[in-house]
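Listed below, chain by chain, are the residues.
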Amino acid sequence: MSAPIQLATLQTEKRNPRTTSIDRVPTLELCQILNREDREVPLIVEQCVPVIAEVVDVLSDRVRNGGRVFYIGAGTSGRLGVLDASEIPPTYSAPLGQFIALIAGGDYALRRTKEGAEDDRNGAATDLEEFSLNPKADSLIGIASSGRTPYVLGGLSYMKSLGATTVALVCVSPSAIELEGGADYLISAVTGPEVVTGSTRMKAGTATKLILNMISTGIMIKLGKTYGNLMIDVKATNVKLKHRARNILRLVSGDACTQSDEDLDQILECCYGNVKLAAVMVALKVPVAEAEERLQRHQGILAHVFEEAHNRKTPEEDLDDGLVLCVDAGGTSCKAVVISKDGDMGMGMAGPCNVTNIGIEAAMSTIMKAAQEAVSNCKTTEGRRIQSVKLSAAWVGMAGYERQSLSLTIDNSLSQLLRLPLGPKLRITTDIDLLPSCVASQAHVESVVVVVAGTGSVAMSYAKVNGQFQRTHRVGGWGYLLGDDGSGYGIGRAAIRAALYSSDFYSMQIGRDPSATTQTLPPLSRAVFHHFQELYPDSKPGNLLSTILLPDSDLRQVRDTTVATTKRIAGIAELVLSMAASDEEAKHIIDSGVSSLVDLVALLIKAGGIDPTKSGLVLGGGMMKEKLYRTMFTQALDARCGKFACTERVTEPAIIGAQFMRSKCCEQLSR
């Protein structure tokens, strides 16, 4: 046995120079100090990821072969082991005896301190002997923040002497565990001095929890307990879980799932509540016995079952070479286009698809609905399910994709649903990034400026790299609260503001003279009043604001109400445009909107050093469909920044994107 490491020399026992005054600072500063210290923990854990990955791979194989994972620890370390092991069965439907946690002093020590329990070097061996150990399959994870707990040291030594795989998780270096050599794999997350000296329930405890989460979750994923990031092995044992199970079945099975809630509940009952088994039945349309056989053949990994089914090539799939899909998943609607190598095209359409507004699961369902309709409407693929179509490439442009917190999950979900690896075969971008492809074939165009003016407004610049345009800068797109000048919303907002002034004036006028009429008000305001009276007959000039904000008193969904209000305001833009030729107030509003958009482009040109004579201008959005607005904008832009080499207006981004991908696929097939 090695010489003992002195307690005072351990990193976890040293005083933290950054927290020596925590008993004298205001509460806010105290919490900020605690938070700053905690922020370091994930970065420390990140340094341990390579060895954690090795542990996950080794332990996954052993568990797959019937092995068990034992946790041992004392105090906080032991409690964290018990917590992690206890959560595996309900989360992943794992057998109760697959993860077993032992704490020095037994269950009594979970809530109370048991004096001397952690100092019993033979205690863990005694506790472990009760479990009829199988050293060829069982594994042990010894948890000790200090790296010196006798209970853990003895347990590791005992299991290693039997020939079992041993893992140690410590928060110091060097450690007694490291010096004794009792661990095959040593994870040292050195979290340093605690905020409160020696209180390893803090940073050391947080690091321990993160690492145990990573190990147990990694093992479960490797064992096929998830499909993508879905808890596919959940058991539908209560109302909440039954609802979740139905959602998972519909998401995983896509168009193959035509069953009602009642039908799915019956299938789940036949499958003993096993969602994974039910998914095979529903998606592949096979009886329960065959579904069980397929899962058993692939060791319970659903992705491998589906991969096998998809790889059984049918004669129809010979026609799929060169087949491409492009999806414009916008905030107003989701449009999908499929084009074959011979030029056969099919289009599909579904509802709004801004992932920020509707969530990832709903967005994936909407995309697959539009894609299925496109497949059905394409001569080459009609009558087939999207899951049976082998795409050569796909491009999904998605509103809301820029949010980093969502993008990774979206990438994984789309890759699984479309059965394409992220990269050249599957491109996922924002919906606006589809637009520059309309000028990709023009060799003289070195860069592109895209201006979108719909309900909102934004401008972006792109540079051509290897035949494709990559975004370089973005301005605008700040949303209706802070920006969107020059958009339908911005123009409608300006007109309504003018009408609200008139509404206030009219209310005061009526107070003095009940016979007063709206005929004395400006023409634009009268037109706005008339517009809303046609939509909502009870609307009056004096209650214009309440009509705009909440015309239906029964509306309760705040988010939906906000979206609807934005659309109502943007809907006024068409009215303003129709009056611009004859009404000075309307013309001034349009001129201001145009000027705001020109400012955005001018900023891009200046900041990016863009030469308009070598660049393309691409226009998109509902406002750019209006000839008057489009003409006013391009004339003002030419006067301010110079004429662009070419100008294109895109009305169907999904078609443009699909045609671009088809040309690329045809080039590759001809080589």
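The sections below set out a description of the structure shown in this document. These numbers come from a predicted model, not from an experiment.

Cut-offs used in this document
- Residues numbered from 1 in each chain as written.
- Predicted model: local features only at pLDDT ≥ 70, side-chain atom pairs only at ≥ 80, totals over all residues.
- Heavy atoms only, no water.
- Pairing = 2+ DSSP bridges.
- Helix = DSSP H or I, 4+ residues; strand = E, 2+ residues; numbered from the N terminus.
- Axes fitted to C-alpha atoms, helices over the stretch in contact; angles between N-to-C directions.
- Parallel < 35°, antiparallel > 145°, perpendicular 65-115°, else oblique.
- Left-handed = near helix turned anticlockwise from the far one by under 90°.
- Contact = heavy atoms within 4.5 Å.
- Nonpolar A, V, L, I, M, F, W, Y, C, P; charged D, E, K, R; others polar.
- Buried < 20%, exposed > 50% of the residue type's maximum accessible area, 1.4 Å probe, protein only.
- Polar contact = N/O pair within 3.5 Å; in protein donor to acceptor, adjacent residues only side chain to side chain.
- 1 Å grid on protein atoms, 1.4 Å probe; cavity = no way out; pocket = protein on both sides within 12 Å on 5 of 7 lines; lining within 4 Å.
- Points joined across faces, edges and corners; volume = space filled by probe spheres on them.

**Here we look at the sheet that holds strand 14 (residues 615-620)**
Read from one edge to the other, the open sheet built from 5 strands follows the order 13-12-11-14-15, with strand pairing classed as mixed. Edge positions in the sheet fall to strand 13 (468-476) and strand 15 (646-649), since each has one partner strand and no second. On average, adjacent strands in this sheet sit at an angle of 20° to one another, irrespective of strand direction. Strand direction decides the pairing type here: strand 11 (residues 447-453) and strand 12 (residues 457-465), joined by 7 bridges, are antiparallel. In the strand pairing of strand 12, Val-452 is matched with Val-458.

**A word on the packing of helix 1 (residues 27-46) against helix 7 (residues 203-222)**
A pair of packed helices is characterised by two quantities: the angle between their axes and the separation of those axes. Here helix 1 crosses helix 7 at 40°, and the two axes come no closer than 9 Å. It follows that helix 1 is oblique to helix 7 by the angle criterion. For the crossing formed where helix 1 meets helix 7, the hand is right-handed. Residues Glu-37, Asp-38, Glu-40, Val-41, Pro-42 and Val-45 of helix 1 form the contact with helix 7, whose participating residues are Lys-203, Thr-206, Ala-207, Leu-210, Ile-211 and Met-214. Classifying every residue of the contact of helix 1 with helix 7 by side-chain character gives 7 nonpolar, 1 polar and 4 charged.

**Thoughts on helix 10 (residues 275-284)**
In terms of residue burial, helix 10 counts as a mostly covered element, since 9 of its 10 residues are buried. When helix 10 is considered as a whole, its buried residues turn out to be Val-275, Lys-276, Leu-277, Ala-278, Ala-279, Val-280, Met-281, Val-282 and Ala-283. Close packing links the buried residues of helix 10 with helix 8 (239-253), helix 9 (261-270), helix 11 (288-297) and helix 12 (302-311). Measuring from the backbone nitrogen of Lys-276 back to the side-chain oxygen at the start of helix 10 gives 3.0 Å, which picks out Asn-274 as the cap. The positive-phi residue at the C-terminal boundary of helix 10 is Lys-285, with phi of around 55°.

**Some words on the sheet that holds strand 1 (residues 69-73)**
Strand order across the open sheet formed by 5 strands is 2-1-3-4-5, with parallel pairing between neighbours. Here the strands that pair on one side only, and so sit at the sheet edges, are strand 2 (99-103) and strand 5 (185-188). This sheet shows a mean twist of 15° between the axes of neighbouring strands, independent of strand direction. Relative to strand 5, strand 4 (residues 165-170) runs parallel, the two being bridged by 4 bridges. Bridge pairing in strand 5 links Val-167 to Tyr-185. The strands that helix 5 (residues 150-162) touches are strand 1, strand 2, strand 3 (139-143) and strand 4; relative to strand 3, the one it contacts most, it runs at about 160°. Sitting on the sheet, helix 7 touches strand 1, strand 2, strand 3, strand 4 and strand 5, and the angle it makes with strand 3 is about 165°.

**Quick word on unusual backbone geometry**
A cis amide bond, omega 0°, links Ser-173 with the succeeding residue Pro-174. Mapping Pro-174 onto the fold places it in the loop between strand 4 and helix 6 (176-180). In this structure, Ser-93 is a non-glycine residue whose phi angle is positive, near 55°. For Ser-93, the location among the structural elements is in the loop between helix 3 (75-92) and strand 2. Positive phi, close to 60°, is recorded for Tyr-272, a residue that is not glycine.

**Some details on the environment of Val-280**
Along the chain, Val-280 turns up in helix 10. Looking at Val-280, the relative accessible area reads 0%, which means it is buried. Between the C-alpha atom of Val-280 and that of Ser-253, which follows or precedes it by 27 residues, the distance is 8.4 Å. Excluding its chain neighbours within four sequence positions, the residues that come into contact with Val-280 are Lys-285, Val-286, Ala-291, Leu-295, Leu-302, Val-305 and Phe-306.

**Remarks on empty space enclosed by the protein**
Considering all chains together, one arrives at 2 cavities of 30 Å³ or more under this definition. If you add up the space inside the largest cavity, you get close to 50 Å³. Around the largest cavity sit Trp-395, Arg-427, Asp-433, Pro-436, Ser-437, Ala-440, Gly-467, Gln-468, Phe-469 and Phe-660, which together line it. Among the residues forming the lining of the largest cavity, the class breakdown is 5 nonpolar, 3 polar and 2 charged. Reported here for the second largest cavity is a volume of approximately 30 Å³. What lines the second largest cavity is Ile-386, Gln-387, Val-389, Leu-391, Leu-417, Leu-418 and Arg-419. Class assignment for the residues of the lining of the second largest cavity results in 5 nonpolar, 1 polar and 1 charged.

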